[in-house]
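Each chain, letter by letter, is given below.
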Amino acid sequence: MLDCAIIGGGPAGLTAGLYATRGGLDNVVMFEKGMPGGQITSSSEIENYPGVTGEISGMDLMIPWPAQCQKFGLKHDMVEIKRVSKDGDIFKIHKEDGTVVEAYSVIVCTGSSPKHAGFKGENELFGKGVSSCATCDGFFYKGKEVVVVGGGDTALEEALYLAKICSKVYLVHRKDSFRSAPNTVARVKKTQNIELVLNSIPQEVYGDNMGVTGILVKDSSGEIRDIKAPGVFVFVGNNVNNRILRQEDGNFLCDMNEKGEVIVDITMKTTTHGLFAAGDIRLSAPKQVVCAAGDGAIAALGAISYVDELLNH
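Reading the values: the criteria
Residues numbered from 1 in each chain as written. Predicted model: local features only at pLDDT ≥ 70, side-chain atom pairs only at ≥ 80, totals over all residues. Heavy atoms only, no water. Helix = DSSP H or I, 4+ residues; strand = E, 2+ residues; numbered from the N terminus. Rg over C-alpha atoms; globule rule 2.2 N^0.38 Å. Contact = heavy atoms within 4.5 Å. Salt bridge = Lys/Arg side-chain N within 4 Å of Asp/Glu carboxyl O. Buried < 20%, exposed > 50% of the residue type's maximum accessible area, 1.4 Å probe, protein only. Core = buried A, V, L, I, M, F, W, Y, C linked by side-chain atoms within 4.5 Å. Phe/Tyr/Trp six-rings, centres within 6.5 Å; stacked < 30°, edge-to-face > 60°. Lys NZ or Arg CZ within 6 Å of the ring centre and 35° of its normal. Pairing = 2+ DSSP bridges. Axes fitted to C-alpha atoms, helices over the stretch in contact; angles between N-to-C directions. Disulfide = S-S within 2.5 Å.

1. Observations concerning the overall build of the chain
Here comes step 1: Within the chain, the secondary structure is distributed over 7 helices and 17 strands.
Here comes step 2: Over its C-alpha atoms the chain spans a radius of gyration of 21 Å, differing by no more than 12% from the 20 Å that the globule rule assigns to 313 residues.
Here comes step 3: Across its three principal directions, the C-alpha atoms of the chain cover 70 × 45 × 35 Å.
Here comes step 4: Put simply, 60% of the contacts in the chain that link residues at least 6 apart link residues at least 24 apart.

2. Quick word on the pattern of salt bridges
Here comes step 1: Inspection of the entire model under this criterion finds 9 salt bridges.
Here comes step 2: Glu248 serves as the salt-bridge partner of Arg83, at 3.4 Å between the closest nitrogen and oxygen. With a gap of 165 residues between them, Arg83 in strand β4 (residues 81-87) and Glu248 in the loop between β16 (238-240) and β17 (275-277) connect regions that are remote in the sequence.
Here comes step 3: With relative accessibility at 71%, the residue Glu248 sits in the exposed group.
Here comes step 4: The network of salt bridges with common partners includes Glu80, Lys82 and Arg243.

3. Focus: the environment of Val172
Here comes step 1: Its place among the elements puts Val172 in strand β10 (residues 168-172).
Here comes step 2: For Val172, a relative accessible area of 1% puts it in the buried group.
Here comes step 3: Beyond its immediate stretch of four places on either side in the chain, Val172 contacts Val147, Val148, Val149, Gly150, Val197, Ser200, Pro202, Val217 and Ile227.

4. Some details on the nonpolar core
Here comes step 1: Residues Ile6, Phe31, Val84, Val106, Ile107 and Leu245 are the most contacted members of the largest nonpolar core, which totals 57 residues.
Here comes step 2: With 9 residues, the single largest contributor to this core is helix α7 (residues 289-311).
Here comes step 3: Beyond its immediate stretch of four places on either side in the chain, Ile107 contacts Cys4, Ala5, Ile6, Ile7, Ala16, Phe276, Ala278, Ala299, Ala300 and Ala303.

5. Quick word on the packing of aromatic side chains
Aromatic ring pairs are described here by two measures, namely the spacing of the ring centres and the angle between the planes.
Here comes step 1: What the rule picks out here adds up to 3 aromatic pairs.
Here comes step 2: Members of the aromatic cluster, each reached through a chain of ring pairs, are Tyr141, Phe233 and Phe235.
Here comes step 3: The ring of Phe72 has Arg22 sitting right over it, with the charged end atom 5.3 Å from the ring centre.

6. With respect to the sheet that holds strand β12 (residues 200-208)
Here comes step 1: Pairing is antiparallel across the open sheet formed by 3 strands, whose spatial order is β12-β13-β14. Only two strands of the sheet have a single partner each, and these edge strands are β12 and β14 (224-228). Shown here is a sheet whose adjacent strand axes are inclined to one another by a mean of 25 degrees, direction ignored.
Here comes step 2: Relative to strand β13 (residues 211-219), β12 is paired through 8 bridges, and the arrangement is antiparallel. Across the sheet, residue Glu204 finds its bridge partner in β13, namely Leu216.

7. Observations concerning the environment of Gly37
Here comes step 1: Considering the arrangement of structural elements, one finds Gly37 in the loop between β2 (28-31) and α2 (58-62).
Here comes step 2: In the structure, Gly37 is positioned 25 residues away from Ala12 in sequence and 9.4 Å away in space, judged by C-alpha atoms.

8. Re the state of the cysteines
Here comes step 1: The tally for this structure, following the rule as stated, stands at 1 disulfide.
Here comes step 2: Between the sulfur atoms of Cys133 and its disulfide mate Cys136 the distance is 2.2 Å. Where Cys133 bonds to Cys136 through sulfur, the torsion about that S-S bond is close to 70 degrees, and the disulfide is right-handed.
Here comes step 3: Judged by its relative accessible area of 22%, Cys136 is partly exposed.
Here comes step 4: This cysteine, Cys69, is not joined by any disulfide, and Cys109 carries the nearest cysteine sulfur, 11 Å off.
Here comes step 5: Its relative accessible area of 2% is what places Cys69 among the buried residues.
Here comes step 6: With no disulfide of its own, Cys109 has Cys4 as its nearest cysteine by sulfur position, at a separation of 8.6 Å.

Now the structure itself:
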């Protein structure tokens, strides 16, 4: 029987493991089918993690984390989890091989995955000029021109953020209207260095050994426009990795919002007792390493209190 099962090995899961083990839980296992570290390991350069100065990649940032956690007793089970269910006070962790592990508490840190728009070169140049995080990568394009692809709230808000840093932002959207809050749309239209490229679909992003150099977009008349820019930011939504919380009857183990994000309170508690969610899987996540780590710490402290109360009553 585990005191705590942590699902996911990114910054939230690793920090949860560190705090849970140092905080007194004896049997804590982090289930992560791949190498720990999370999405940030694919970033070529990190500049906004507190206390880290100089050039460092996402991989280099995350390398020491697992060793630090394991020093205090965190175990890593390199296996895929298919489902988490609950029977009375006991959680059941259903592993890929058909076996089941039981736990008193669970912290889900499976994150989310940015959707790709699907144009040519997007995958090949991701992390080399194609990005899905303006707060992570926008500063690298200070004073330069960039392209934003998308028409929802996130795309417009990120375009406004980039407009404060970059000399110009081309906002490429397949329609002539936006599915965003009216006041956000108004702010975008008033921002002088944002150019709206409407009724247009990205065809291909291209570049050289140094990274992205431009993108081809096609408008509704079939005309191709070549926009020269070293940065392309794609915001066409996220897939929340909540599959393991879906039960056999099709319902979820805890409450979700309309986007499939787990609803939590300020202490990362879900609507199911003993189940916590941390990092990008929870609602309104800022999608930053430092925030995910903070979530993991809060969730672990909650799990420690929950298990202590459960076993001593």
